[in-house]
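Below are the chains, spelled out letter by letter.
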Amino acid sequence: MSHGHDHKDAAGSSCGSDCDHGHKDAGHGNDGAENGHNHGHGHEENESAGQGPLMGGLILRGNRCVLIRSLTGEWEGMRIPWAAAEPGEKGPKAALQIASDLCEIEASELHVLRNVRPVTIAVPGMPIDVYAIYAVNPPPPGPLEAADEEDPEDIYDWYTFP
């Protein structure tokens, strides 16, 4: 999967102190994760197999999150968007691009919450680092109850959690 998208917002400007689009403005420090810092979770197995580490993003908006489904039957049910990063890609930028690609949501519509550390889903032999990602825009107008209805022909759905 080629990711090839720029992670800056469309105007190339800062989008907030909790953003990690790759801005180099004052206040946008680097927590080390995007510099290829390996958290010691066993990603070396994936990288030696010719693919990057397994990365994902939990896309949030208020008390809602995005889960994806396979439209081709690759897996059953819903899951957090994740995939193998390109070799050499790591950290929040790779997680943002993977979530953007899998959900078919423009990367400019999302930003990584850089002050929230990733969580590793401990799947034996394939740990997955999941980053918290926030949707930039509010939900479409109308009652949220209508948005909770599943659409099995859409790659993702928003889910409300308590």
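Let us look at the structure shown here. Since the model is a prediction, treat every value here as computed from it, not as a measurement. (Residues numbered from 1 in each chain as written. Predicted model: local features only at pLDDT ≥ 70, side-chain atom pairs only at ≥ 80, totals over all residues. Heavy atoms only, no water.)

Before going further, it helps to examine the overall build of the protein. The number of helices and strands found in the protein is 3 helices and 8 strands. Along the protein, helices (α) and strands (β) appear in the sequence α-β-β-β-β-α-β-β-β-α-β when read from the amino end. Expressed as a percentage of its 162 residues, the buried residues of the protein come to 41%. (Helix = DSSP H or I, 4+ residues; strand = E, 2+ residues; numbered from the N terminus. Buried < 20%, exposed > 50% of the residue type's maximum accessible area, 1.4 Å probe, protein only.)

In this structure, the second largest pocket encloses a volume near 190 Å³. Lining the second largest pocket are 13 residues, with Ile-68, Glu-74, Trp-75, Arg-79 and Leu-102 sitting closest to its centre. If you list the elements that add at least two residues to the lining of the second largest pocket, you get strand 2 (64-69) and strand 4 (82-84). Classifying every residue of the lining of the second largest pocket by side-chain character gives 8 nonpolar, 2 polar and 3 charged. (1 Å grid on protein atoms, 1.4 Å probe; cavity = no way out; pocket = protein on both sides within 12 Å on 5 of 7 lines; lining within 4 Å. Points joined across faces, edges and corners; volume = space filled by probe spheres on them. Nonpolar A, V, L, I, M, F, W, Y, C, P; charged D, E, K, R; others polar.)

So, on to the environment of Val-66. Residue position: Val-66 is located in strand 2. Distance from Val-66 to Pro-81, taken between C-alpha atoms, is 8.1 Å for residues 15 residues apart in sequence. Excluding residues that lie within four positions of it along the chain, Val-66 makes contacts with Leu-58, Ile-59, Pro-81, Cys-103, Tyr-156, Asp-157 and Trp-158. (Contact = heavy atoms within 4.5 Å.)

What tends to happen in soluble globular proteins is that the nonpolar side chains get buried as a cluster. Core analysis: the biggest nonpolar cluster contains 21 residues, and Met-55, Ile-59, Leu-110 and Ile-133 have the highest contact counts within it. Counting residues per element, this core draws most heavily on helix 2 (residues 91-103), at 7 residues. Sequence-distant contacts of Ile-59, that is, excluding residues within four places in its chain, are made with Arg-64, Cys-65, Val-66, Ala-99, Cys-103, Ile-105, Leu-110, Ile-133, Ala-135 and Trp-158. (Core = buried A, V, L, I, M, F, W, Y, C linked by side-chain atoms within 4.5 Å.)

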